[in-house]
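# Structure at a glance
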Amino acid sequence: MYAEDSFYTLTPSGQVGLAALSFALFVAVVLLTWRFSRRVPILLRVPLFLVVFWSFEWLSPQIYYLYYMTQFEGLPWQSVVRTPPGVADLVTLLSFQGDETLSAHSRGILGWVLLATTVWPDRSGRRIR
């Protein structure tokens, strides 16, 4: 399924670096989402999920491009951030109906983890103000 994925154009150390970067971004986004979602009423948690997931989908390509600049000599310094994704783009990712790439599937998994993180019940006993 992933034989033609661009991940395999990297050297083994480049693959490890990309996996580490992806894992670090995953953990950071999930932890930040969890922390912020505990501070908002339950009715605002799904909109929070949408904003975080949409922002990640829109802006993270620049972070990955900067990483690829370290892996491939001659890549120009440029912005790769494009038009923000639409609702259909997010639904496509979450339903795993888009590209059959490690990137697309990983972003779909991130979306579901973020959604679960935002709606997970707060059992700390604290009142949300």
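To be clear, the structure that these remarks concern was listed above.
Residues numbered from 1 in each chain as written. Predicted model: local features only at pLDDT ≥ 70, side-chain atom pairs only at ≥ 80, totals over all residues. Heavy atoms only, no water.

Attention now moves to the overall build of the chain. Each helix and strand counted, the chain has 4 helices and 0 strands in total. In the chain, the succession of α and β elements from N to C terminus is α-α-α-α. The principal-axis extent of the C-alpha atoms belonging to the chain is close to 55 × 30 × 25 Å. Burial status across the chain gives 29% buried among its 129 residues. For the chain, contacts bridging at least 24 residues in sequence account for 67% of all contacts bridging at least 6. With the model as given, the accessible surface of the chain reaches about 8700 Å², and the carbon-plus-sulfur share is 68%. Here the chain contributes 10 positive and 8 negative side-chain charges, whose respective centroids are spaced 26 Å apart. (Helix = DSSP H or I, 4+ residues; strand = E, 2+ residues; numbered from the N terminus. Buried < 20%, exposed > 50% of the residue type's maximum accessible area, 1.4 Å probe, protein only. Contact = heavy atoms within 4.5 Å. Areas by Shrake-Rupley, 256 points an atom, 1.4 Å probe, with all protein chains shown as cover. Lys, Arg positive; Asp, Glu negative; His and termini not counted. Charge placed at Lys NZ, Arg CZ, Asp CG, Glu CD.)

With respect to the element layout, T33 can be found in helix α1 (residues 12-37). A distance of 2.7 Å separates a polar side-chain atom of T33 from the backbone oxygen of V29. Beyond its immediate stretch of four places on either side in the chain, T33 contacts L48, V52, L114, T117 and T118. (Polar contact = N/O pair within 3.5 Å; in protein donor to acceptor, adjacent residues only side chain to side chain.)

Take helix α2 (residues 45-71) next. For α2, which comprises 27 residues, the first-to-last C-alpha distance of 38 Å matches the rise-based estimate of 39 Å (1.5 Å per residue) to within 8%. Helix geometry: α2 is bent most strongly at L59, by close to 40°, with proline P61 lying one to four residues after it. Residues of α2 that are buried include every one of R45, L48, F49, F53, F56, E57, S60, Q62, Y64, Y65, Y67 and Y68, and no others. Packing partners of the buried residues in α2 comprise α1, α3 (87-94) and α4 (102-119). (Expected span 1.5 Å × (residues − 1). Bend = angle between axes of the 7 residues up to and from the residue.)

This part is about the pattern of salt bridges. In this structure the tally under the stated criterion is 1 salt bridge. The salt bridge involving E57 is made with R107; its shortest N-O contact spans 2.7 Å. Placement of the pair is E57 in helix α2 and R107 in helix α4, with a sequence separation of 50 residues. The partly exposed category is assigned to R107, whose relative accessible area is 22%. (Salt bridge = Lys/Arg side-chain N within 4 Å of Asp/Glu carboxyl O.)

Apart from glycine, the bulk of residues carry a negative phi angle, and the bulk of peptide bonds sit in the trans form. Backbone geometry places F96, a non-glycine residue, at a positive phi of 55°. By secondary structure assignment, the location of F96 is in the loop between α3 and α4.

It is worth spelling out the environment of V91 at this point. Turning to its location among the elements, V91 is positioned in helix α3. With 23 residues separating them along the chain, V91 and L114 place their C-alpha atoms 14 Å apart.

Attention now moves to the packing of α1 against α2. Two elements in contact, α1 and α2, have axes whose closest approach is 11 Å; the angle formed by their N-to-C orientations is 155°. Here α2 runs roughly antiparallel to α1, going by the angle between their axes. The handedness of the crossing between α1 and α2 comes out as right-handed. Together, S13, G14, G17, L18, L21, S22, L25, V29, T33, F36 and S37 of α1 and R45, L48, V52, F56, I63, Y64, Y67, Y68 and Q71 of α2 make up the contact between the two elements. (Axes fitted to C-alpha atoms, helices over the stretch in contact; angles between N-to-C directions. Parallel < 35°, antiparallel > 145°, perpendicular 65-115°, else oblique. Left-handed = near helix turned anticlockwise from the far one by under 90°.)

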